[in-house]
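# Breakdown of the fold
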Amino acid sequence: MDIWHIRGGRRLEGACFVQGSKNASLPIIAASIICPTRSELFNVPQLKDVDAALRILRHLGCSAEQRGGDVYIDSSGLSGSAIPHSLMEEMRSSVIFMGALLARCGEARLSLPGGCQLGRRPIDLHLSALKQLGAEIEEDGGEIICRAAKLQGTEITLPFPSVGATENAMLAACRAKGETVIRGAAREPEIVALQNYLREMGADIRGAGSGTVTVNGLRPEASVVQRIIPDRIVAATIACAAAATGGNVELRGVNPEQFSTVLHFLNQAGCDIISTNRSVRLLSDGRLHGVGEISTAPYPGFPTDAQPVLMAALLKAEGRTVITENIFENRYRQVPELCRLGADVTASGKTAEIWGVECLHGTALTATDLRGGAAMIVAGLAAEGETVICDDGHITRGYERFDMRLRSLGADIYLEY
Ligand code: EPZ
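Numbering of residues starts from 1 in every chain and runs along the sequence as written. Only residues with pLDDT of at least 70 get local features here, since the model is predicted, and only at 80 or more are side-chain atom pairs given and counted; chain-wide, interface and lining totals rely on the full set of residues. Neither water nor hydrogens contribute to the side-chain values; these are computed over all heavy atoms in the structure.

Domain annotation of the protein chain identifies domain 1 (2-18 + 230-416) and domain 2 (22-227). By convention here, the domain bounds are inherited from an automatic or database domain assignment. Measuring from the centre of the C-alpha atoms in domain 1 to the corresponding centre in domain 2 gives 30 Å. Note on definitions: a residue-residue contact is assigned when non-hydrogen atoms from the two residues lie within 4.5 Å. In this assembly, 24 residues from domain 1 lie in contact with 22 residues from domain 2. Buried surface area refers to the total accessible area, computed with a probe of radius 1.4 Å, that the two partners give up upon joining, counted for both partners together. The contact between domain 1 and domain 2 buries some 2,000 Å² in all, and 51% of this surface belongs to carbon and sulfur atoms. By the criterion of area lost to domain 2, the three top residues of domain 1 are Tyr299, Arg397 and Glu400, representing 31% of everything that side buries. Criterion for a salt bridge: a side-chain nitrogen of Lys or Arg within 4 Å of a carboxyl oxygen of Asp or Glu. For the pair domain 1 and domain 2, the number of links is two salt bridges. The shortest N-O distance in the salt bridge between Arg232 and Glu190 comes to 2.8 Å. Pairs of N or O atoms within 3.5 Å make up the polar contacts considered here, provided that, within protein, one atom can donate a hydrogen while the other can accept it, and that residues adjacent in sequence are counted only when both atoms are side-chain atoms. At the junction of domain 1 and domain 2, the tally comes to eight residue pairs in polar contact (both at pLDDT 80 or more).

This is the structure in structure tokens:
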């Protein structure tokens with residue numbers, strides 16, 4: 001059990017670098033097996049989910065190790081195509097090994113993935129995309145067996161721009177014969193990052209970021225070197241913490257464009273935002289106001305992953321904010337916990353209504369999921385007195401040495417393992 005101790009009420013001040021992106025690292029690690037290649041990845045965050053992905057690689061016969069922010073993978077020794085449930089259930093992203101294994105071995109045996117409990121998280125779009133590329137899929141209880149004697153390029157139209165389904169389709173399409181066009185693809189920066197990695201690996205792939213990704217096979221390179229992009233959700237979380245505490249923080253090594261919708265609402269709430277192409281400074285006097293309406297949407301819309309942390313930043317904002325969560329059906333699990341701090345938030349169905357309160361008071365909370373837990377940290381930093389968050393390992397799945405990073409900005413926070 002991780003226990004986060006926070007003494008709130010201190011302004012965050014100073015500058016910090018933002019870690020590499022978890023959600024860019026994980027699909028790239030899965031992609032490393034689609035042909036026998038050596039990969040060197042830099043700026044990979046040291047997180048439980050990354051460790052779980054590397055353990056899957058080793059289970060499959062690859063060599064994979066992380067030294068600090070560097071990850072070294074050699075997938076030439078891959079000798080299996082089955083992933084046991086104990087490894088699959090550790091995170092959602094394990095499902096991306098389905099497309100990767102199918103591409104490399106023509107077979108994948110795995111089970112339904114784990115990950116945060118955010119409501120129903122079906123994988124029908126992943127399975128449908130792989131079937132369209134020629135895979136035969138048997139489902140038996142939670143077990144999934146995919147086989148394809150040959151993958152054949154085709155036109156795939158995703159009815160919803162699922163990030164994971166786009167990634168699976170891109171990986172399988174790299175080893176398909178002929179051209180694959182994925183329409184309705186997710187446009188997230190992590191999709192562009194995956195495309196960049198696949199190109200280095202020798203794939204003929206273009207269009208990521210536009211909604212139509214075209215893949216025309218792969219001529220494998222012996223080795224790939226790739227730097228992982230900064231984590232836009234961690235950047236958004238620190239920006240929200242700075243806003244909530246009346247702080248003055250510079251985030252370095254980030255791409256502000258990638259979380260511009262979050263910065264837009266923080267600006268609407270009364271923060272000054274000064275951006276360059278590699279940094280953002282956020283200045284807040286701590287007197288925020290409600291921002292009206294916020295709706296989550298696929299990129300380039302407002303990210304669902306930043307919804308809980310922006311909610312936390314607005315708990316003391318004068319007036320009303322209404323959030324509509326359009327991506328996940330159960331992403332307000334943090335709300336009852338935030339109310340225990342004195343917040344006035346009511347959530348019903350897709351909608352949450354926040355009325356700003358004068359003051360939050362620290363108390364004992366329980367982290368419900370990764371971003372919900374991060375929201376409790378943001379709220380705890382803005383609350384008077386001590387907040388203690390009991391966390392069954394959710395937050396450290398996505399935030400690297402977050403206590404140290406916040407302490408370097410003046411927060412009174414420590415993590416007891
Ligand atoms: C990715 O999850 C991220 N995870 C999530 O981040 C993020 O919240 C999400 O994209 C949306 O941006 C990783 O990248 C590892 P989706 P993913 O497929 O790929 C429905 C975090 O906190 N759907 O775009 O699982 C699904 O139920 C995490 O870091 C289907 O109906 O997201 C959901 O409602 C949490 N059928 C919506 O689409 C499918 O086959 C978005 O899911 C697939 C998805």
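After that view, the rundown keeps rolling.
Here, strands pair whenever DSSP counts at least two bridges between them. A run of H or I in DSSP becomes a helix once it reaches four residues, and a run of E becomes a strand once it reaches two; helices and strands are each numbered from the N terminus. In space, the four strands of this open sheet follow the order 21-22-1-23, with mixed pairing throughout. The open sheet is flanked by strand 21 (364-366) and strand 23 (412-416), the only strands paired with a single partner. Across the sheet, the axes of successive neighbouring strands diverge by a mean angle of 20°, strand direction being ignored. Pairing between strand 1 (residues 2-7) and strand 22 (residues 386-391): six bridges, direction antiparallel. Among the inter-strand pairings, Ile3 is bridged to a residue of strand 22, identified as Cys390. Only the stretch in contact is used when fitting a helix axis, every axis being a line fitted to C-alpha atoms; angles between N-to-C directions are given from 0 to 180 degrees.

On to the sheet that holds strand 20 (residues 351-355). Read across the sheet, four strands follow the order 17-18-20-19 without closing on themselves; strand pairing throughout is mixed. A strand with exactly one partner marks an edge of an open sheet, and here the two such strands are strand 17 (292-295) and strand 19 (344-348). Mean inter-strand twist for the sheet, computed between neighbouring axes without regard to direction, equals 15°.

With that settled, consider the site of the ligand. Surrounding the ligand, one finds 23 residues, the nearest of these being Asp124, Ser162, Asp305, Ile327 and Arg371. Here a nitrogen atom of the ligand and a side-chain polar atom of Asp124 are 2.7 Å apart. Contacts to the ligand include Ser162, whose side-chain N or O atom sits 2.6 Å from an oxygen atom. When the ligand sits alone it has 820 Å² of accessible area, and the protein chains cover 89% of it. For the shell around the ligand, the secondary-structure elements that each account for two or more residues are helix 1 (22-31), helix 5 (124-132), helix 6 (163-174) and helix 12 (370-382). The dominant element in the shell around the ligand, judged by the number of residues it contributes, is helix 5, at three residues. By convention in these notes, a residue is near a molecule or strand provided one of its non-hydrogen atoms lies within 4 Å of it. Accessible areas in this description were obtained via Shrake-Rupley with a 1.4 Å probe; residue shielding takes into account the shown protein chains only.

Attention now goes to the packing of helix 8 (residues 232-244) against helix 12. As a packed pair, helix 8 and helix 12 sit with axes 8 Å apart at the nearest point and diverge in direction by 25°. With respect to helix 12, the element helix 8 is oriented roughly parallel. Where helix 8 crosses over helix 12, the handedness of that crossing is right-handed. Judged by residue contacts, Ile233, Thr237, Cys240, Ala241 and Ala244 of helix 8 engage Arg371, Ala374, Val378, Leu381 and Ala382 from helix 12. Only Asp, Glu, Lys and Arg are considered charged in this grouping, and only Ala, Val, Leu, Ile, Met, Phe, Trp, Tyr, Cys and Pro are considered nonpolar; every other residue, Gly among them, is considered polar. Grouping the amino acids of the contact of helix 8 with helix 12 by side-chain chemistry returns eight nonpolar, one polar and one charged. An angle counts as roughly parallel when it lies under 35 degrees, as roughly antiparallel when it exceeds 145, as roughly perpendicular when it falls between 65 and 115, and as oblique in every other case. Crossing handedness is read from the near helix: turned anticlockwise from the far helix by less than a right angle, it gives a left-handed crossing, and turned clockwise, a right-handed one.

Mapping Gln195 onto the fold places it in helix 7 (residues 189-201). Residue exposure (1.4 Å probe, protein chains only): buried if accessible area is under 20% of the type maximum, exposed if over 50%, otherwise partly exposed. Residue Gln195 is classed as buried on the basis of its relative accessible area of 5%.

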